Amino acid sequence: MTTRPSEASLSVVQLYDVVRTVHLERVQALGAETHKVTILYRERRYDFDSELAKTLALQRAGAWRSFWYAARHDIDVLEVAEPYVVQSALRSLLVIAAARARSRVRRRPPPRVVSYAIENLSPYESAPRLPLKARLKRRALIVFVPTLWKRLDRVAFGTGEAARLYGAQFGGHEPPVTRLFESIPTAENPGVKDPAPVLVFLGDMSIRKGFPDVLSAWARVAAEAPTARLMLVGRGAGVADARLLAASDDRVGVLVDPPRDAIFETLRSAKVLVLPSRRMPLWKEQVGLPILEGLARGCLIVTTTETGIAGWLSAHGHWVVPEAAVSEALPHALVEALTSARSPESVIADLPPTEGRAAAQEWMYREE
């Protein structure tokens, strides 16, 4: 029997249902000298960087194309979508079966099958709320979730909420080996911050992300923090409302679907990042990428109890308001954050030396 290659030359396959730019950036950060990574994905997110994708190994592949890829290629580490991404469970099982069968034929060590989990809403809880056709499809696919869980070797949880959610359902099942890596970023150099208080909303301008709540809160914030400015950055159903507000208030700016460099530059000049996520019948905020991008650049965060890292944020001096009381609590929290004496340097000082997601990935891929 041959031995697994050294950790410096592992062949890694990552399965994504939907791939976005941040996934590509993580692969790029790994470096080709560390791992040979191939991404198999079903769909692209709107924020997909086609130019960056050209420098990486990506293939669009549904269930059967992914199966045949695994049957034809040696794989050392297979990272599948987390089990509660129900629509991917059968695809993941097919790829695992193909990869392990190939390893037996080739007399190689079986691939280590891993997953990174941040889901905060159980599919068992949300299934009854679906329309009939979608509910029947969910019931047909959810039967594969327990089997997928048993096929995993390691699961890294990105939030304590996800660890509790999965633990309640699968706590008595072994394997996999599990470990918690709080999804907190490392610092990016924010440069010299603008001394004026700049508030940024970043992301989908939608109800679920609390965009209407930000617009509603602004009148009070503008009155109580007269030097504050508001930047509305993103895309979605609320773009027209964002532009309408900016047209009537010269302290409000709008950037619609800007490139990531422009997003990062906006965050470097911001004091506060707001993302007041709302609970929807079929959706709950997992972490909130804008929160992580704001933290990395020294922003104070104002959000709700819906994010999976609410506990960490509260413990480190940020503002976490109850989701059920957003309308009442958000304006006050925003004024407090905008007028806070806390410096970007103190925000950055709280961040870990290794990004939580990167630490989780290193553990999932590492031989032990």
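Each chain carries its own residue numbering, running from 1 in the direction its sequence is written. Local features are withheld for residues below a pLDDT of 70 in this predicted model, meaning they are given only at 70 or higher, and side-chain atom pairs are given and counted only at 80 or more; totals for whole chains, interfaces and linings count all residues. Only hydrogens and water are removed before side-chain values are computed, so all heavy atoms of the structure are retained for them.

J.: An account of the sheet that holds strand 6 (residues 154-157) is needed here, citing residue identities and associated values.
T.: The criterion for strand pairing is that DSSP finds at least two bridges linking the strands in question. Segments assigned H or I by DSSP are reported as helices when at least four residues long, segments assigned E as strands when at least two residues long, and all are numbered from the N terminus. Across the sheet, which stays open at both edges, the seven strands sit in the order 3-2-1-4-5-6-7 with parallel pairing between neighbours. Pairing within the sheet leaves two strands with one partner each, and these edge strands are strand 3 (57-60) and strand 7 (177-180). The mean angle between the axes of side-by-side strands here comes to 20 degrees, regardless of whether they run parallel or antiparallel. Where strand 2 (residues 35-44) lies against strand 3, four bridges are found, and the strand directions are parallel. Looking at the pairing, Y41 lines up with R60 of strand 3. Any two residues whose heavy atoms approach within 4.5 Å at even a single point are treated as in contact. Helix axes are fitted to C-alpha atoms over the stretch in contact, other axes to C-alpha atoms as well, and angles between N-to-C directions run from 0 to 180 degrees. Contacting strand 1 (10-19), strand 2, strand 4 (77-80) and strand 5 (112-117), helix 4 (residues 89-105) crosses the sheet at an angle of about 165 degrees to strand 1.

J.: Report on unusual backbone geometry, specifying residues and quantitative values.
T.: We note that R107 has phi near 55 degrees; this positive angle belongs to a residue other than glycine. Locating R107 in the fold gives a position in the loop between helix 4 and strand 5. Using a 1.4 Å probe on the protein chains alone, a residue whose accessible area is under 20% of its type maximum counts as buried, one over 50% counts as exposed, and one in between counts as partly exposed. Since its relative accessible area comes to 62%, R107 is described here as exposed. Of note, the phi angle at D257 is positive, near 50 degrees, even though the residue is not glycine. Tracing the sequence through the fold places D257 in the loop between strand 10 (252-256) and helix 11 (260-268). Given a relative accessible area of 41%, D257 falls into the partly exposed group.

J.: Quick rundown of the side chain of T159? Include the residues and the values.
T.: Relative to the helices and strands, T159 is located in the loop between strand 6 and helix 8 (160-170). Owing to a relative accessible area of 0%, T159 belongs among the buried residues under this scheme. We call two N or O atoms a polar contact when they sit within 3.5 Å, provided that within protein one can donate a hydrogen and the other can accept it, with sequence-adjacent residues counted only if both atoms are side-chain atoms. Among the polar contacts made by the side chain of T159, one reaches the side chain of N120 at a distance of 3.4 Å. Among the polar contacts made by the side chain of T159, one reaches the main-chain amide nitrogen of A162 at a distance of 3.0 Å. Setting aside residues no more than four positions away along its own chain, T159 makes contact with A117, I118, N120, L180, E182, Q286, V287, G308 and I309.

J.: Outline empty space enclosed by the protein, supporting the account with residue identities and numerical values.
T.: Using protein atoms alone on a 1 Å grid, points that fit a 1.4 Å probe yet trap it form a cavity, whereas open point sets bounded by protein on both sides within 12 Å along at least five of seven lines form a pocket; residues with an atom within 4 Å of a point count as lining. Grid points are joined across faces, edges and corners, and a volume is the space filled by probe spheres set on the points. Going through the model one piece at a time under the given rule, you end up with one cavity of 30 Å³ or more. Considering only enclosed or pocket space, the largest cavity measures out at about 40 Å³ in volume. If you trace the largest cavity, you find it lined by A70, H73, D74, I75, A99, R102, S103, R108 and P111. Here the lining of the largest cavity takes three residues from helix 4, the largest share from any one element. Classes in brief: Ala, Val, Leu, Ile, Met, Phe, Trp, Tyr, Cys and Pro nonpolar; Asp, Glu, Lys and Arg charged; the others, Gly included, polar. Residues belonging to the lining of the largest cavity are distributed by class as follows: four nonpolar, two polar and three charged.

J.: I'd like to hear about the pattern of salt bridges, residue by residue, with values.
T.: When a carboxyl oxygen of Asp or Glu is within 4 Å of a side-chain nitrogen of Lys or Arg, the pair counts as a salt bridge. As enumerated under the stated definition, the model contains 21 salt bridges in all. Between R102 and D74 there is a salt bridge, with its nearest N and O atoms 2.7 Å apart. You can see R102 sitting in helix 4 and its partner D74 sitting in the loop between helix 3 (63-72) and strand 4, a full 28 residues away along the chain. Classification of D74 by relative accessible area gives partly exposed; the value is 22%.

J.: Can you break down the packing of helix 3 against helix 4 residue by residue, with the values?
T.: The contact between helix 3 and helix 4 brings their axes to 7 Å, and the two run at 15 degrees. Judged by the inter-axis angle, helix 3 sits roughly parallel to helix 4. Pair helix 3 / helix 4 crosses with right-handed handedness. Every residue of helix 4 that contacts helix 3 at A63, W64, S66, F67, A70, A71 and R72 is listed here: R91, L94, V95, A98, A99 and R102. An angle counts as roughly parallel when it lies under 35 degrees, as roughly antiparallel when it exceeds 145, as roughly perpendicular when it falls between 65 and 115, and as oblique in every other case. Handedness of a crossing is defined here by the sense of rotation of the near helix relative to the far one, left-handed for an anticlockwise turn of less than a right angle and right-handed for a clockwise turn.

J.: Hey, could you go over the environment of L230 for me, with residue numbers and the actual values?
T.: For L230, the position within the fold is in strand 9 (residues 229-235). Excluding anything up to four places from it in sequence, L230 contacts L199, V214, W218, L245, R251, V252 and G253.

J.: Got a sec to walk through the environment of M205? Specific residues and values, please.
T.: With respect to the element layout, M205 can be found in the loop between strand 8 (198-204) and helix 9 (211-224). Taking relative accessible area as the criterion, M205 reaches 1% and is therefore assigned buried. Here the alpha-carbon distance between M205 and A101, two residues 104 residues apart in the chain, equals 46 Å. With sequence-adjacent residues up to four places away left out, M205 is seen in contact with F211, L232, V233, G234, R235, G236, A237, G238, V239, A242 and L255.

J.: Break down the sheet that holds strand 8 for me, citing the residues and quoting the values.
T.: Ordered by their spatial adjacency, six strands build an open sheet running 10-9-8-11-12-13, and the pairing between neighbours is parallel. Each of the sheet's edge strands pairs with one partner strand only, and the pair in question is strand 10 and strand 13 (319-321). Taking each pair of neighbouring strands and ignoring which way they run, the sheet shows an average axis angle of 20 degrees. Examined bridge by bridge, strand 9 and strand 10 share five bridges and lie parallel to one another. The residue bridging L232 from the neighbouring strand is V254, located in strand 10. Each of strand 8, strand 9, strand 10 and strand 11 (272-275) is contacted by helix 9, which is oriented at about 160 degrees to strand 9, the strand it contacts most. Where helix 10 (residues 239-248) meets the sheet, its contacts fall on strand 9 and strand 10, and the angle it forms with strand 10 comes to roughly 150 degrees.

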